[in-house]
Amino acid sequence: MSTHHAHDHHIITFDKVNKWYGNNFHVLRDINLNVARGERIVICGPSGSGKSTLIRCINRLEEHQEGHIVVDGTELTDDVRAVEKVRKEVGMVFQQFNLFPHLTVLENLTLSPMWVGKMPKKEAEERAMAQLKRVRIAEQAQKFPLQLSGGQQQRVAIARALCLKPKIMLFDEPTSALDPEMIKEVLDVMIELAKGGITMLCVTHEMGFAKAVADRVIFMDQGQIVEESNPHEFFNNPKSDRTKDFLSKILGH
Amino acid sequence: MSAVFEPIAARPAPIKTEGLVPWVRRNLFGNWQSTLTTVALVALFLYWLPGLAEWAVVKAIFRADADVCQAARGEGACWGVVAEKYRLIIFGRYPYEEQWRPEVATLLLVGLLVVSCIRNFWKPWLAAVWGVALGAFFWLMYGGALGLTVVPTDRWGGLPLTIMLASLSIVLAFPLSVLVALGRRSDMPAIRTFCVIYVELIRGVPLISVLFMASFMFPLFMPPGLTIDVLIRVLVGITLFAAAYMAEIVRGGLQAIPKGQVEAAQSLGLSYWQTQRKIVLPQALAMVVPGIMNNFISIFKDTSLVTIVSLYELTGALGLALNSDADWRPFKIEGYLFITAIYFMFCFAMSRYSLWIEKRLNVSKTR
């Protein structure tokens with residue numbers, strides 16, 4: 001336990017975090033990162049750079065082997081209760097939506113409030129409907145996920161993650177699996193959410209989104225944070241050659 | 001200049017593709033080979049049908065008269081054997097005057113099974129009903145209280161024994177198989193190893209040897225003075241045997257669930273057991289309904305093996321009824337057809353129920 005007491009406004013702290021897959025694949029290397037309350041961060045980088053692994057460490061879908069990760073005052077360790085506490089405060093949206101296909105849209109949303117939050121069914125349903133309205137999909141509440149389009153499914157997934165009223169939202173390439181025509185409807189919802197003041201970490205290559213809402217853009221390569229700065233600096237005045245090279249590839253056409 | 005996009009309105013297919021007539025035309029008379037096969041099979045069926053009807057109905061003897069049956073041998077079936085021996089076939093060695101007891105007990109158990117198959121009754125109180133009904137079942141069968149005489153378990157037999165062994169081992173083996181399947185995928189090496197050894201050990205031996213061990217070898221290892229009823233030992237044997245096979249079927253279903261489902265459940269804060277119960281098992285079990293039902297049906301028929309440890313269930317009771325009676329022994333085939341019909345009735349019902357379950361579970365997959 002180290003310096004996080006001095007930085008109470010930091011809701012997430014990574015302190016020299018290292019992670020390996022197996023014995024040889026060093027996927028996160030000496031990660032130091034402080035996220036302020038309400039901060040909106042976009043993480044980009046080539047595939048295999050560790051950006052997904054980084055945000056998946058925040059709700060311990062991945063375990064780190066070295067260093068400390070503290071989320072809202074709770075350090076992530078093998079202690080199951082610490083993990084459960086953190087997961088209640090962190091919502092996550094996945095590239096493949098990961099909705100539960102055997103449950104209706106409404107049941108997908110009420111599951112966690114009812115079973116984790118011990119909320120009565122009626123109250124959970126009211127909350128779920130409010131979140132569905134927020135992502136403009138309330139009329140689909142009784143359908144099954146596979147009956148919806150990709151964009152609609154991802155909006156349901158966002159609403160589901162919001163149902164536990166998390167302090168932090170993690171997005172793992174939320175638009176990468178979508179048809180081009182559906183990306184905008186999901187980004188619109190995310191932009192609205194970002195303006196609401198929630199802490200947000202988003203792995204994405206949607207640079208328009210980064211410019212519109214990010215307070216900070218982080219560029220990763222080979223398990224390290226190569227560069228971080230505000231979007232204006234990042235896009236107009238990148239410092240490292242690796243960042244310049246990456247930006248030329250994704251913005252070049 | 002920009003072209004105007006005009007969508008073409010949807011219209012019905014030009015030839016009817018659904019319904020009886022198109023189905024017959026497509027499947028039975030699609031080309032000359034299938035037309036020929038259809039005609040040949042219908043001809044064969046018409047050729048055999050009269051002979052079969054003559055043997056089974058027209059020249060058959062329905063009276064329980066051994067001499068008449070003997071005279072009609074080779075020409076007509078002797079259903080008289082069923083009329084004469086049905087009490088012995090259905091109830092085995094259970095005392096004749098007390099046979100109303102297994103009858104009521106079995107009707108109770110079958111009624112309970114039917115009720116348990118209906119979704120509207122899947123409520124917590126159903127477990128309590130099961131407890132009460134099983135208590136009543138064993139009280140009726142064994143007696144010894146409230147004015148019923150004691151009938152020891154070695155006198156139990158016939159259809160009640162078959163149904164009791166099958167339904168109890170199914171009801172016990174299914175949850176056990178789910179636990180073993182989860183155990184084989186556990187992060188804890190001790191649990192995983194234990195489940196692997198259990199499954200591999202049981203799958204490596206035939207059911208007959210499991211029953212032999214339960215019946216003859218197990219008592220040798222018990223401390224003197226302590227005995228467990230052979231019926232219970234056999235029931236445990238069948239349950240452990242069936243659970244090992246079903247565990248592998250369930251594990252197949254578990255493996256088909258994408259990792260993302262578990263991750264999504266974890267990210268929502270669900271615990272391990274909540275994730276399994278609410279997310280993983282409903283999807284995994286829905287996928288393996290045909291395999292599971294296959295196993296249920298096979299358990300039902302495998303109960304006939306308990307004859308070798310001197311428990312006379314339906315098949316055993318048939319042998320009991322006919323082997324020692326020289327007058328009726330020649331008509332064993334009619335007796336076998338009779339119990340075949342009983343087995344088929346139960347197994348076919350299970351098979352239809354499985355299809356119905358599959359259809360219900362597929363609701364979420366239709367667009």
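To be clear, the structure that these remarks concern was listed above.
Q: Help me understand the overall build of chain B, please; the structure alone is not making it clear to me.
A: In terms of regular secondary structure, chain B is built from 15 helices and 1 strand. For 367 residues, the compact-globule formula gives about 21 Å, and the C-alpha radius of gyration of chain B, at 27 Å, lies well above that figure. With respect to the principal axes defined by its C-alpha atoms, chain B has extents near 100 × 65 × 40 Å. The buried share of chain B, reckoned over its 367 residues, is 40%. A total accessible area of about 21300 Å² is found for chain B, and carbon and sulfur atoms account for 68% of it. The centroid of the 31 positive side-chain charges in chain B is displaced by 12 Å from the centroid of its 22 negative side-chain charges.

Q: I would appreciate a short explanation of unusual backbone geometry in the present structure.
A: It is generally the case that most residues other than glycine have a negative phi and that most peptide bonds are trans. Despite not being glycine, Lys-16 of chain A has its phi angle at roughly 45°, a positive value. With respect to the helices, strands and loops of the structure, Lys-16 of chain A is situated in strand E1 (residues 10–21).

Q: What's the story with the state of the cysteines in this structure? I'm lost.
A: Should the sulfur atoms of two cysteines be covalently bonded, the bond is a disulfide. Tallied over the full model, the rule gives 1 disulfide over all chains. A disulfide bridge connects Cys-69 of chain B with Cys-78 of chain B, and the sulfur atoms are separated by 2.1 Å. When the S-S torsion is 75°, as for the bridge of Cys-69 of chain B with Cys-78 of chain B, the disulfide is right-handed. This pair shows no difference in class: Cys-69 of chain B is buried, exactly as Cys-78 of chain B is. Cys-202 of chain A carries a free sulfur, and the closest cysteine sulfur to it, the one in Cys-44 of chain A, is 10 Å from it.

Q: Just to check I follow, could you spell out the packing of aromatic side chains for this structure?
A: A ring pair, where both rings are aromatic, is described by two values, the distance of the centres and the angle of the planes. Evaluated as defined, the whole model comprises 17 aromatic pairs over all chains. Centre to centre, the rings of Phe-300 of chain B and Tyr-343 of chain B are 5.9 Å apart; their planes meet at 85°, and the pair counts as edge-to-face. Placement of Phe-300 of chain B in helix H13 (residues 289–302) and of Tyr-343 of chain B in helix H15 (residues 332–361) is noted, with a sequence separation of 43 residues between them. Pair check on accessibility: Phe-300 of chain B and Tyr-343 of chain B agree, each one buried. Of the aromatic side chains, those joined through ring pairs into one cluster are Phe-137, Phe-138 and Trp-156 of chain B. For the cation-ring pair, Arg-160 of chain A lies above Phe-100 of chain A, with the distance from its terminal atom to the ring centre recorded as 4.5 Å. Here Arg-87 of chain B stacks its cationic end above the ring of Tyr-96 of chain B, 4.1 Å away from the centre of that ring.

Q: What's the story with the interface of chain B and chain A in this structure? I'm lost.
A: How big an interface is tends to be stated in terms of the accessible area lost upon association of its parts. Contacts between chain B and chain A engage 22 residues on the former and 25 residues on the latter. Carbon and sulfur atoms make up 61% of the area that chain B and chain A hide from each other, which totals about 2100 Å². Viewed at the interface, chain A and chain B are joined by 1 salt bridge. Along the contact surface separating chain B from chain A lie 7 residue pairs in polar contact (both at pLDDT 80 or more). At the level of elements, helix H11 (259–267) and helix H12 (272–287) of chain B are the ones that each hand at least two residues to the side of chain B that touches chain A. No other element matches the 8 residues that H11 of chain B contributes to the side of chain B that touches chain A. Tallied by class, the residues present in the side of chain B that touches chain A amount to 7 nonpolar, 10 polar and 5 charged.

Q: Would you take a moment to explain the layout of surface pockets for this structure?
A: Each pocket or cavity is described by its volume, and for the second largest pocket that value is around 1400 Å³. Around the second largest pocket, the lining is made up of 36 residues, and of these Asp-187, Val-262, Gln-266, Tyr-272 and Gln-276 of chain B lie nearest the centre. Those elements that place two or more of their residues in the lining of the second largest pocket are helix H2 (80–89) of chain A together with helix H7 (158–184), H11 and H12 of chain B. Among the elements that make up the lining of the second largest pocket, the one with the highest residue count is H12 of chain B (5 residues).

Q: What exactly am I supposed to notice about the pattern of salt bridges here?
A: Taken as a whole, this structure holds 29 salt bridges over all chains when the rule is applied. Notably, a salt bridge pairs Glu-192 of chain A with Arg-136 of chain A, separated by 3.1 Å at the nearest N-O pair. Placement of the pair is Glu-192 of chain A in helix H6 (residues 180–195) and Arg-136 of chain A in the loop between helix H4 (121–134) and helix H5 (150–162), with a sequence separation of 56 residues. On the basis of relative accessibility, which here comes to 42%, the residue Arg-136 of chain A falls in the partly exposed class. Taken together, the shared-partner salt bridges in this structure form one network comprising Lys-19, Arg-56 and Glu-62 of chain A together with Lys-259 and Glu-263 of chain B.

Q: Just to check I follow, could you spell out the side chain of Asn-98 of chain A for this structure?
A: Mapped onto the fold, Asn-98 of chain A is located in the loop between strand E6 (90–93) and helix H3 (105–115). Taking relative accessible area as the criterion, Asn-98 of chain A reaches 10% and is therefore assigned buried. In this structure, Asn-98 of chain A is in contact with Arg-160 of chain A together with Gly-260, Gln-261 and Ala-264 of chain B, ignoring residues within four places of it in sequence.

Q: Before we go on, may I ask you to explain the sheet that holds strand E10 (residues 224–229) of chain A in this structure?
A: Backbone hydrogen bonds are what pair the strands of a sheet, in a parallel or an antiparallel way. All names here are of chain A. Taking strand neighbours across the sheet as the criterion, the 6 strands line up as E6-E7-E8-E3-E9-E10 in an open arrangement whose pairing is mixed. Each edge of the open sheet carries a strand with a single partner, namely E6 and E10. Within this sheet the neighbouring strands show an average axis-to-axis angle of 20°, counted without direction. Packed on one face of the sheet, H2 meets E6 and strand E7 (168–172) and runs near 65° to E6.

Criteria and thresholds
Residues numbered from 1 in each chain as written. Chains lettered and ligands numbered in written order. Predicted model: local features only at pLDDT ≥ 70, side-chain atom pairs only at ≥ 80, totals over all residues. Heavy atoms only, no water. Helix = DSSP H or I, 4+ residues; strand = E, 2+ residues; numbered from the N terminus. Rg over C-alpha atoms; globule rule 2.2 N^0.38 Å. Buried < 20%, exposed > 50% of the residue type's maximum accessible area, 1.4 Å probe, protein only. Areas by Shrake-Rupley, 256 points an atom, 1.4 Å probe, with all protein chains shown as cover. Lys, Arg positive; Asp, Glu negative; His and termini not counted. Charge placed at Lys NZ, Arg CZ, Asp CG, Glu CD. Disulfide = S-S within 2.5 Å. Phe/Tyr/Trp six-rings, centres within 6.5 Å; stacked < 30°, edge-to-face > 60°. Lys NZ or Arg CZ within 6 Å of the ring centre and 35° of its normal. Contact = heavy atoms within 4.5 Å. Buried area = accessible area lost by both parts, 1.4 Å probe. Salt bridge = Lys/Arg side-chain N within 4 Å of Asp/Glu carboxyl O. Polar contact = N/O pair within 3.5 Å; in protein donor to acceptor, adjacent residues only side chain to side chain. Nonpolar A, V, L, I, M, F, W, Y, C, P; charged D, E, K, R; others polar. 1 Å grid on protein atoms, 1.4 Å probe; cavity = no way out; pocket = protein on both sides within 12 Å on 5 of 7 lines; lining within 4 Å. Points joined across faces, edges and corners; volume = space filled by probe spheres on them. Pairing = 2+ DSSP bridges. Axes fitted to C-alpha atoms, helices over the stretch in contact; angles between N-to-C directions.

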